[in-house]
Amino acid sequence: MDVNPSVFLKRYDTTLMKDLHFKQLVPEISKSQPVSNLTPASSQASSKESTGFIIGLILRGGVILSATITCIGLLLLALTPGGVTEHRLVTFPHTLNDVWAGLQGLHPQAVIALGLLLLIAIPVITVTTAAIAFALERDRRFTVIALTVLAILITSFLLGKGGA
Amino acid sequence: MAHLSLVILLLIFGGAILAGIIGSLVGLGGGILLVPMLTLAFGLPIHYAIGTSIVAVIATSSGSAAAYVRDRLTNMRVGLFLEVATTIGAVSGAFLTGFLVPQLLFVIFGIVLLISVIPLVFKIGEELPKGVRNDRLANWLHLSGSYPDRHLGREVPYQVTHTPQGLGMMYIAGVLSGLLGIGSGVFKVLAMDTIMRLPLKVSTTTSNFMIGVTAAASAGIYFSRGDIPPLIAAPVALGVLAGAFAGSHLLARLSNKTLRLIFLPIMAIIAVQMVLRGFGLTI
């Protein structure tokens, strides 16, 4: 691993913190150094932030899109005669084919299901984006880590065994 | 479900907002609130309630992570790394169902959680962890970082310790969620706060990011099984998203001390809930 001077700097700071009052010391550090020097891999700091920025953007975009579609579905449902019924509670599309077929006829439940499916996909898209971003940064360890998480998620889904 | 109407959907929406706020603050999915609400108050069959609450977990996670990742509160590296253990744990836990007695596990881990409340009581006045130094694994993976604390008005640098133990705890958290079908957010926060000694805001927001990833696979499974009714899941998802959005803006302004005071009773409630479930009482 490449030796980064700021790692030692930071280690030195924390050993000091053991004896000194943390709150008093830290503002001094912040004043004396630019913030980016406080992160250990300062060379990676800017690219790390851009990864965060892109992922933040995807999360926001995904959430807004999913919420909008779900809202449209609910509105369609409210406009449908006899919209909210017990029958609709228990009969709804739950396979991709059903959802797709329902979307063609603009069935409210299918539109909602599309919004929900998008919501469910967001974490998977996030991890995929992280893997790509790490690969572009040539951060091999974290590319492998992100891809491993992705592989486990897919395995888990295919096996039909998951956690809460 | 006696009378399903728009009024009921609105009430569910309101409850979901509350679940979203709490979940986004303390790093949990809000299932503790939603499942009893949907089953007890609205008489929804339990499988629908569980399917819907998994959607709520993802909504809490994505809704708040959108703000937390942007504000650099979430430590994505810590989250992704620990997620390896949690997801493997979840799959292996799901395979263990049928071999282990869930009642006994509920009691055991409920008690473990109750005991874990004690060290947290002593940490009540702690704003930031002191004297934490990166362990070797944390150094190798560049896990340490810093976050801008709106309450303290400055950038807070932090290091990460006991990474292997934290990873082990995350595996156990995953096993429990796969085995018992419970959200593992509280165990995730505990592992990051107590074992790895991350600042509490970083722990809850990183847990928030993680719970969505863990839940994604099972959400897909529940959906294809037909356990996610759109009629119920839609107001829940929208309510939770709105709540998570509000909560994420609130968290930035809270102190870690206040956040701890919110987390502690919620954790105690979950612990008691687990023990009771072990004795056959679902609350």
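Please refer to the structure placed before this passage.
Now for a look at the structure at hand. (Residues numbered from 1 in each chain as written. Chains lettered and ligands numbered in written order. Predicted model: local features only at pLDDT ≥ 70, side-chain atom pairs only at ≥ 80, totals over all residues. Heavy atoms only, no water.)

The helix and strand tally for chain A stands at 7 helices and 0 strands. When the helices and strands of chain A are read in sequence order from the N terminus, they spell out α-α-α-α-α-α-α. Counting all 164 residues of chain A, 43% fall into the buried class. When contacts within chain A are restricted to residue pairs at least 6 apart in sequence, those whose partners lie at least 24 apart make up 54%. By element, 68% of the accessible surface of chain A is carried by carbon and sulfur atoms, the whole surface being about 8800 Å². (Helix = DSSP H or I, 4+ residues; strand = E, 2+ residues; numbered from the N terminus. Buried < 20%, exposed > 50% of the residue type's maximum accessible area, 1.4 Å probe, protein only. Contact = heavy atoms within 4.5 Å. Areas by Shrake-Rupley, 256 points an atom, 1.4 Å probe, with all protein chains shown as cover.)

Within chain B, the secondary structure is distributed over 11 helices and 2 strands. Principal-axis analysis of the C-alpha atoms gives chain B an extent of 55 × 40 × 35 Å. The long-range share in chain B, meaning contacts at least 24 apart out of those at least 6 apart in sequence, stands at 83%. About 9300 Å² of surface is accessible on chain B, with carbon and sulfur atoms providing 73% of the total. Between the mean site of the 17 positive side-chain charges and the mean site of the 9 negative ones, chain B shows a separation of 2 Å. (Lys, Arg positive; Asp, Glu negative; His and termini not counted. Charge placed at Lys NZ, Arg CZ, Asp CG, Glu CD.)

The next point concerns helix α8 (residues 185-195) of chain B. Residue and element names in this part refer to chain B. With 9 of its 11 residues buried, α8 lies for the most part within the structure. Check the buried side of α8 and you find it contacts α1 (6-26), α4 (76-96), α5 (102-122), α7 (163-180), α9 (200-225) and α11 (256-278). Of the residues trailing α8, Arg197 is marked for its positive phi of about 60 degrees.

Residue and element names in this part refer to chain B. Orientation of helix α3 (residues 46-70) relative to helix α10 (residues 230-253), taken along the N-to-C sense of each, is 30 degrees, at an axis distance of 8 Å. With respect to their mutual orientation, α3 and α10 come out roughly parallel. Crossing of α3 over α10 shows right-handed handedness. For the pair α3 and α10, contact is made by Thr52, Val55, Ala56, Ala59, Thr60, Gly63, Ser64, Ala67, Tyr68 and Arg70 and by Ile232, Ala233, Val236, Ala237, Val240, Leu241, Ala244, Gly247, Ser248, His249 and Leu251, respectively. Per-class residue counts for the contact of α3 with α10 are 13 nonpolar, 7 polar and 1 charged. (Axes fitted to C-alpha atoms, helices over the stretch in contact; angles between N-to-C directions. Parallel < 35°, antiparallel > 145°, perpendicular 65-115°, else oblique. Left-handed = near helix turned anticlockwise from the far one by under 90°. Nonpolar A, V, L, I, M, F, W, Y, C, P; charged D, E, K, R; others polar.)

In this section: the nonpolar core. If you look at the biggest cluster of nonpolar residues, it comprises 123 residues, and the most contacted ones within it are Leu80, Leu113, Phe187, Ile228 and Met274 of chain B. If near-sequence neighbours (up to four positions away) are discounted, Leu80 of chain B is found in contact with Val127, Ala130, Phe134, Ile145, Ala146 and Val149 of chain A together with Phe209 of chain B. (Core = buried A, V, L, I, M, F, W, Y, C linked by side-chain atoms within 4.5 Å.)

Glancing now at the interface of chain B and chain A. On the side of chain A, 71 residues touch chain B, which itself brings 84 residues to the contact. Both faces considered, chain B and chain A share a buried interface measuring about 6800 Å² in area, 75% of it formed by carbon and sulfur atoms. Among the residues of chain B in contact with chain A, Arg77, Phe223 and Leu231 of chain B are the three that bury the most area, contributing 11% of the side total. Arg77 of chain B serves as the salt-bridge partner of Asp139 of chain A, at 3.0 Å between the closest nitrogen and oxygen. Counting the contacts that link chain B with chain A gives 3 residue pairs in polar contact (both at pLDDT 80 or more). (Buried area = accessible area lost by both parts, 1.4 Å probe. Salt bridge = Lys/Arg side-chain N within 4 Å of Asp/Glu carboxyl O. Polar contact = N/O pair within 3.5 Å; in protein donor to acceptor, adjacent residues only side chain to side chain.)

Considering all chains together, one arrives at 4 aromatic pairs over all chains under this definition. Between Phe134 of chain A and Phe142 of chain A the ring centres are 5.3 Å apart and the planes differ by 40 degrees, which places this aromatic pair in the tilted class. Accessibility expressed as a relative area gives 0% for Phe142 of chain A, which makes it buried. Judged by centre distance (6.4 Å) and plane angle (80 degrees), the rings of Phe109 of chain B and Phe187 of chain B are edge-to-face. In this pair, Phe109 of chain B is assigned in helix α5 and Phe187 of chain B in helix α8, connecting sequence segments 78 residues apart. The exposure classification of Phe109 of chain B matches that of Phe187 of chain B, with both residues buried. (Phe/Tyr/Trp six-rings, centres within 6.5 Å; stacked < 30°, edge-to-face > 60°.)

So yeah, pure geometry; function would need other evidence.
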